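Chain by chain, the residues run as shown.
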Amino acid sequence: QVELVESGGGLVQPGGSLELSCAASTTIPFARLVMGWYRQAPENPRELVARITDGGITDISDSVKGRFTISRDHASHTVYLRMNSLKPEDTAVYYCNAFALVTREDYWGQGTQVTVAS
């Protein structure tokens, strides 16, 4: 069982920065979870933004590469998404995700709105 609690979403101006946090409450060892962020804009399918393994291996979407950074903290069971140089096209609902390596089960957060506008 994995429960994900997100924070940090909101309204930001183009060119600005924002950091999302996702804390995992889990009976599965945190190290056995691949943690990630996905987003869904209106009239678009949900897409991968970034994900990271316990060993620090990352998979970053080309659309955010060089602007977004994903990281995780073992002690707090938290994954972060640092978003810099934000663009209006980054506007979406952002979802935290945990993928359990053993069972190959996906767990999802509630989603948090990120709006980039003047």
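See the structure printed just above.
This structure is a prediction, so every number in the text was calculated from the model and none was measured. Along every chain, residues carry numbers that run from 1 in the direction the sequence is written. Per-residue local features of the predicted model are confined to residues with pLDDT of at least 70, and side-chain atom pairs are confined, for both listing and counting, to 80 or more; whole-chain, interface and lining totals are unaffected and use all residues. As a rule here, side-chain values cover all heavy atoms of the structure and leave hydrogens and water aside.

S.K.: How do you make sense of the side chain of Thr-112 when you look at a structure like this?
M.R.: Note on conventions: DSSP H or I runs of at least 4 residues are helices, E runs of at least 2 residues are strands, and numbering of each starts at the N terminus. By the secondary structure assignment, Thr-112 is in strand 11 (residues 112–116). Residue contacts are counted whenever heavy atoms from the two residues lie within 4.5 Å of one another. When residues no more than four places from it in sequence are discounted, the contact partners of Thr-112 are Glu-6, Gly-9, Leu-20, Ala-92, Val-93 and Tyr-94.

S.K.: Is there a simple way to explain the environment of Val-34 in this structure?
M.R.: Its place among the elements puts Val-34 in strand 4 (residues 33–40). Val-34 gets classed as buried once you look at its relative accessible area, which sits at 14%. When the C-alpha atoms of Val-34 and Leu-48 are compared, they prove to be 13 Å apart, with 14 residues separating the residues in sequence. The residues contacting Val-34, other than those within four sequence positions of it, are Arg-51, Ile-52, Thr-53, Arg-72, Asn-97, Ala-98, Phe-99 and Leu-101. The classification of residues rests on relative accessible area computed with a 1.4 Å probe and restricted to protein chains. Under 20% of the type maximum is buried, over 50% is exposed, and intermediate values are partly exposed.

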